[in-house]
Amino acid sequence: MSKHIAIWISSASLLVSITALCIAAYRTPNLTFDYQGVLVGILAALVTILIGWNIYTLIDIRAIREKMKQDQTIAYIQSENNLSQTYLAISDYFYSTLAKENQPENERIYKYILYRVSTILHASKIKDIKTCEAVVKALLQTIHPENIQTTAKNKQCLFDLLANVENAREISQFAELLQRLASMKVSDNAETGRSSRP
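Residues numbered from 1 in each chain as written. Predicted model: local features only at pLDDT ≥ 70, side-chain atom pairs only at ≥ 80, totals over all residues. Heavy atoms only, no water.

Chemist: Any details on helix α5 (residues 152-163)? Residues and values, ideally.
Modeler: An α-helical turn contains 3.6 residues, so a residue and the one three or four places further along point in the same direction. The terminal C-alpha atoms of α5, which comprises 12 residues, lie 16 Å apart, in line with the 16 Å expected from a rise of 1.5 Å per residue. Every buried residue belonging to α5 is among N154, K155, C157, L158, L161 and L162, and all of these are buried. Each buried residue of α5 lies within a common arc of 155° when the element is viewed along its axis, so the set occupies one face. Exposed positions of α5 whose direction lies more than 90 degrees from the buried face are K153 and A163. In this fold, the buried residues of α5 make contact with α3 (105-125), β1 (149-150), α6 (174-182) and β2 (185-186). (Helix = DSSP H or I, 4+ residues; strand = E, 2+ residues; numbered from the N terminus. Expected span 1.5 Å × (residues − 1). Buried < 20%, exposed > 50% of the residue type's maximum accessible area, 1.4 Å probe, protein only. Arc of directions from axis to C-beta. Contact = heavy atoms within 4.5 Å.)

Below you can see the structure in the form of structure tokens.
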């Protein structure tokens, strides 16, 4: 609201100053009314107001763009955070089902690892290193590669996800996780033949 008041006040002062210039720099020697000077003054005032309005609009558009960029960044961070929380919850579900018998164990372990790795990926995109480190630590404590068999396709899917992790060097024990996943046994058994990538 104060911007509008400032614009009106500056426009009024500009109009008064142009009127004063027209009166002070009068063209004819006798004191008669000069329409040419008034017209030039009015046109000059209109041009000045239009230029001022364009500058104001340009500044306003820049502010709107900056606000949109900030909103876009906030939305991106929230979506990546939501994805990492969702994948973490799904991996917890598969970890809790390891004791049940309705699904082959290797497939449940693979899905557990897959969703944990997806959590690391999405947390790394928003530079949430603490979450990445916590998930890496949990994976290192819960998986034992000598007891896990998976297909080459599933193993490749895990490493494709891990290759896209950002700031991997900042995540402690990330290299150890890579080594542990690399030492998983590969089998052509149909039990783990389905690969589901989140």
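Chemist: Please set out empty space enclosed by the protein residue by residue, giving values where relevant.
Modeler: One pass over the full model with this rule turns up 1 cavity of 30 Å³ or more. Of the pockets and cavities examined, the largest cavity occupies roughly 30 Å³. Taken together, N106, I109, Y110, I113, I148, Q149, T150, L158 and M184 make up the full set of residues lining the largest cavity. For the lining of the largest cavity, the secondary-structure elements that each account for two or more residues are α3 and β1. If one sorts the elements of the lining of the largest cavity by residue count, α3 sits on top with 4 residues. The residue makeup of the lining of the largest cavity, split by class, is 6 nonpolar, 3 polar and no charged. (1 Å grid on protein atoms, 1.4 Å probe; cavity = no way out; pocket = protein on both sides within 12 Å on 5 of 7 lines; lining within 4 Å. Points joined across faces, edges and corners; volume = space filled by probe spheres on them. Nonpolar A, V, L, I, M, F, W, Y, C, P; charged D, E, K, R; others polar.)

Chemist: Pulling in residues and values, what's your account of the pattern of salt bridges?
Modeler: Evaluation of the coordinates by the stated rule reveals 3 salt bridges. A salt bridge links D71 to K67; the shortest N-O distance between them is 3.2 Å. Note that D71 and K67 are positioned in helix α2 (residues 35-96) at a spacing of 4 residues, about one turn of the helix. On the basis of relative accessibility, which here comes to 48%, the residue K67 falls in the partly exposed class. Across the pair E107 and K111 runs a salt bridge whose closest N-O atoms are separated by 3.3 Å. Of this pair, E107 and K111 are both found in helix α3, 4 residues apart, which corresponds to roughly one turn of the helix. (Salt bridge = Lys/Arg side-chain N within 4 Å of Asp/Glu carboxyl O.)

Chemist: Describe the packing of aromatic side chains, with residues and values.
Modeler: Aromatic ring pairs are reported here in terms of the distance separating the ring centres and the angle at which the planes meet. Applying the stated criterion across every chain yields a total of 2 aromatic pairs. A ring pair is formed by Y87 and Y115, whose centres lie 5.6 Å apart and whose planes are at 35°; its orientation type is tilted. Residue Y87 is located in helix α2, and its partner Y115 is located in helix α3; the two are separated by 28 residues in the primary sequence. Under the relative-accessibility criterion, Y115 is labelled buried at 13%. (Phe/Tyr/Trp six-rings, centres within 6.5 Å; stacked < 30°, edge-to-face > 60°.)

Chemist: Give me the lowdown on the layout of surface pockets, citing residues and values where you can.
Modeler: Taken as a whole, the second largest pocket holds about 210 Å³ of empty space. Surrounding the second largest pocket, H4, I7, W8, S10, S11, L14, T48, I49, G52, W53 and Y56 form its lining. Elements supplying a minimum of two residues to the lining of the second largest pocket: α1 (2-24) and α2. Of all the elements, α1 adds the most residues to the lining of the second largest pocket, at 6 residues. Class assignment of the residues belonging to the lining of the second largest pocket gives a composition of 6 nonpolar, 5 polar and no charged.

Chemist: Hey, could you go over the side chain of K155 for me, with residue numbers and the actual values?
Modeler: Here K155 shows up in helix α5. Within the local environment of K155, its side chain forms a polar contact with the backbone oxygen of A182, the two atoms lying 2.7 Å apart. When sequence neighbours within four positions are dropped, the list of residues in contact with K155 reads T150, L181, A182, M184 and V186. (Polar contact = N/O pair within 3.5 Å; in protein donor to acceptor, adjacent residues only side chain to side chain.)

Read these as geometric descriptors, not functional statements.
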